[in-house]
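The residues making up each chain are set out below.
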Amino acid sequence: MRTGNPVLREGVFQNGMDLPRWDELASSKAPAGVMTVRGAAIKSAILLGLCSITAVLAWSAITANAGLLMPLTMGGAVIGLVLGLVMFFWQKGAAFLSPIYAIAQGAFVGGISIIAANYGLQKGVALGAGGVFQAVFITFGIFAAMLMAYVAGIIRLRGVVAKMVIVGTMGVMFAYLATMLLNLFGMQMPYIHDSGPIGIGFSIFVVVLASLNLVLDFQFIEDGAAAGAPKHMEWYAAFGLLATLVWLYIEILRLLSKLRK
């Protein structure tokens, strides 16, 4: 089993042959201490709820006190990154670290949403509250569409297609890493972060890529349940799914900012 999401990497589970279908796994009774689709779904809902509530609270706090913008945004990003790296190497820790990660990501999402609304992720292009809410609706709309398509068996990503998504995801990660390094020296990555046709096309590509990663995340959960993975992997899978959703939301904000400009 493969996934483009770096935290839901190949090799975390041992895969069985002739894996059961998603609906079979969701309805079957698994032994105690074994990962299930239902358990992963419940934990994903918990993490998503924590992240959403924290994001709303962070938005309200920053609106009342603008001085909290950078501490909450950067603090949430740094804490989320550190916890993500810890869970990447220590999956058992996800059982108690993933809720903290969700709260940290909520603070980051709330802060970055304020930035997008009032200042813009593209220089001088503020989306306003309406643009941010539009990004939220699009994110959840894509998530719901991908989930329904996956459960219905309409979309699966295996073999060469899955490898292409993984390679594309790694390429985007390296591009963003290069952008960060260039920014340290006062330089910028040309074209892809601009609001021209190339920049908009790149953002559309990344949004599609992040959406396809949701499918790979669903497959990760399905394969883990079929392989009888340990119970703590439900939290780890939920953490990975939340990471993909946050990534998708940020990319949609970027795309809307480029389109607005």
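Look up: the structure comes first, before these words.
The following paragraphs examine the structure supplied in this document.

Quick notes on the rules
- Residues numbered from 1 in each chain as written.
- Predicted model: local features only at pLDDT ≥ 70, side-chain atom pairs only at ≥ 80, totals over all residues.
- Heavy atoms only, no water.
- Core = buried A, V, L, I, M, F, W, Y, C linked by side-chain atoms within 4.5 Å.
- Buried < 20%, exposed > 50% of the residue type's maximum accessible area, 1.4 Å probe, protein only.
- Helix = DSSP H or I, 4+ residues; strand = E, 2+ residues; numbered from the N terminus.
- Patch = residues over 30% accessible without salt bridge, like charges linked within 9 Å, V, L, I, M, F, W, Y side chains within 5 Å.
- Areas by Shrake-Rupley, 256 points an atom, 1.4 Å probe, with all protein chains shown as cover.
- Salt bridge = Lys/Arg side-chain N within 4 Å of Asp/Glu carboxyl O.
- Expected span 1.5 Å × (residues − 1).
- Polar contact = N/O pair within 3.5 Å; in protein donor to acceptor, adjacent residues only side chain to side chain.
- Contact = heavy atoms within 4.5 Å.
- Phe/Tyr/Trp six-rings, centres within 6.5 Å; stacked < 30°, edge-to-face > 60°.
- Lys NZ or Arg CZ within 6 Å of the ring centre and 35° of its normal.
- Axes fitted to C-alpha atoms, helices over the stretch in contact; angles between N-to-C directions.
- Parallel < 35°, antiparallel > 145°, perpendicular 65-115°, else oblique.
- Left-handed = near helix turned anticlockwise from the far one by under 90°.
- Nonpolar A, V, L, I, M, F, W, Y, C, P; charged D, E, K, R; others polar.

## Focus: the nonpolar core
Part 1 of the argument: M87, L214, Y236 and L253 are the most contacted members of the largest nonpolar core, which totals 70 residues.
Part 2 of the argument: Elements with a minimum of two residues in this core: helix 2 (37–64), helix 3 (69–89), helix 4 (94–118), helix 5 (128–151), helix 6 (159–184), helix 7 (197–226) and helix 8 (233–260).
Part 3 of the argument: Broken down by element, this core gets its largest block of residues, 18 residues, from helix 8.

## Let's talk about a nonpolar patch on the surface
Part 1 of the argument: Residues M170, F174, L177, M180, L181, L184, F185 and M187 make up a contiguous nonpolar surface patch of roughly 920 Å² in combined accessible area.
Part 2 of the argument: Within the secondary structure layout, L177 lies in helix 6.
Part 3 of the argument: L177 gets classed as partly exposed once you look at its relative accessible area, which sits at 43%.

## Focus on helix 2
Part 1 of the argument: With 28 residues, helix 2 extends 40 Å from end C-alpha to end C-alpha; this agrees with the ideal 40 Å at 1.5 Å per step.
Part 2 of the argument: Among all positions in helix 2, only V37, G39, A40, K43, S44, L47, C51, T54, A55, A58 and I62 are buried.

## Points about the side chain of T179
Part 1 of the argument: Counting through the fold element by element, T179 comes out in helix 6.
Part 2 of the argument: Within the structure, the side chain of T179 is placed 2.9 Å from the backbone oxygen of A175, a separation counted as a polar contact.
Part 3 of the argument: Not counting chain neighbours up to four residues away, the residues in contact with T179 comprise M189 and H193.

## Description of the packing of aromatic side chains
Two aromatic rings are characterised by how far apart their centres lie and by the angle between their planes.
Part 1 of the argument: Evaluation of the coordinates by the stated rule reveals nine aromatic pairs.
Part 2 of the argument: Following the ring pairs from residue to residue traces out a cluster consisting of Y101, F220, Y236 and F239.
Part 3 of the argument: Positioned over the ring face of Y150 is R156, at 3.7 Å from the centre of the ring.
Part 4 of the argument: Stacked on the ring of Y176, the Lys or Arg R254 has its end atom at 4.9 Å from the ring centre.

## Some words on the side chain of E251
Part 1 of the argument: Following the sequence through the fold, E251 ends up in helix 8.
Part 2 of the argument: In this structure E251 comes out as buried when scored by relative accessible area, which is 1%.
Part 3 of the argument: Aside from chain neighbours lying at most four places away, what touches E251 is Y176, V206 and V207.

## Description of the pattern of salt bridges
Opposite charge on two side chains makes pairing possible when the charged atoms of those side chains draw close.
Part 1 of the argument: For the structure shown, the criterion picks out four salt bridges.
Part 2 of the argument: Among the ionic pairs, E234 bridges to K43, the shortest N-O distance being 2.8 Å. Pair noted here: E234 is in helix 8 and K43 is in helix 2, with a separation of 191 residues, a long-range link. The same class applies to E234 and to K43, which are both buried.
Part 3 of the argument: A salt bridge links E234 to K231; the nearest nitrogen and oxygen atoms lie 3.0 Å apart.
Part 4 of the argument: Classification of E234 as buried rests on a relative accessible area of 0%.
Part 5 of the argument: Here K231 falls in the partly exposed class, since its relative accessible area comes to 34%.
Part 6 of the argument: Through salt bridges with shared partners, a single ionic network connects K43, K231 and E234.

## A word on the packing of helix 5 against helix 7
When two helices pack together, their arrangement is given by the angle between their axes and by how far apart the axes lie.
Part 1 of the argument: Their axes nearest at 10 Å, the elements helix 5 and helix 7 cross at an angle of 45°. As far as their axial angle goes, helix 7 and helix 5 are oblique. As for how helix 5 packs across helix 7, the hand of that crossing is right-handed. Contacts between helix 5 and helix 7 involve I142, F143, M146, L147 and Y150 from the first element and V207, S211, L214, V215, F218, Q219 and E222 from the second.
Part 2 of the argument: A per-class count over the contact of helix 5 with helix 7 returns nine nonpolar, two polar and one charged.

## A few points about helix 7
Part 1 of the argument: Taking 1.5 Å of rise per residue, the 30 residues of helix 7 would be expected to cover 44 Å, and the 44 Å separating its terminal C-alpha atoms lies within 8% of that figure.
Part 2 of the argument: Within two residues after helix 7, G228 carries a phi angle of roughly 70°, on the positive side.

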